[in-house]
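Letter by letter, the chains look like this.
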Amino acid sequence: MIPQSFKDIVSNVENAGFFQTLAMIIFILFFLVVVYIVINRPKKYYSEEENAPLEEDEDENHTL
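Residues numbered from 1 in each chain as written. Predicted model: local features only at pLDDT ≥ 70, side-chain atom pairs only at ≥ 80, totals over all residues. Heavy atoms only, no water.

What characterises a pair of aromatic rings is the spacing of the ring centres plus the angle enclosed by the ring planes. Evaluation of the coordinates by the stated rule reveals 1 aromatic pair. Above the face of the Tyr45 ring, Arg41 is positioned so that its terminal group lies 4.5 Å from the ring centre. (Phe/Tyr/Trp six-rings, centres within 6.5 Å; stacked < 30°, edge-to-face > 60°. Lys NZ or Arg CZ within 6 Å of the ring centre and 35° of its normal.)

Looking now at a nonpolar patch on the surface. Where nonpolar side chains cluster on the molecular surface, the patch consists of Met24, Phe27, Ile28, Phe31, Leu32, Val35 and Ile39 and spans about 710 Å² of accessible area. Mapped onto the elements, Leu32 comes out in helix α2 (residues 16–39). (Patch = residues over 30% accessible without salt bridge, like charges linked within 9 Å, V, L, I, M, F, W, Y side chains within 5 Å. Areas by Shrake-Rupley, 256 points an atom, 1.4 Å probe, with all protein chains shown as cover. Salt bridge = Lys/Arg side-chain N within 4 Å of Asp/Glu carboxyl O. Helix = DSSP H or I, 4+ residues; strand = E, 2+ residues; numbered from the N terminus.)

What follows deals with the confidence of the model for the protein chain. Taken residue by residue, the protein chain gives an average pLDDT of 80. The fraction at 70 or more is 80%. Mean pLDDT across the elements of the protein chain bottoms out in helix α4 (residues 58–61) (61) and peaks in α2 (93). (pLDDT = per-residue confidence, 0-100.)

Written as structure tokens, this is what we have:
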């Protein structure tokens, strides 16, 4: 029998509910760690990126 969808494959696994819960917990933990890292960076860390659209490129000033 060929499964019709991913739902059919997952529903036939013995501990499907456990694996789905585990995957959700891992995703949430990863998301929270990324948010924590971004928030706790010093403001100077992002200074180059925040001024990037306002700075002129050196290549544009020189014409051949």
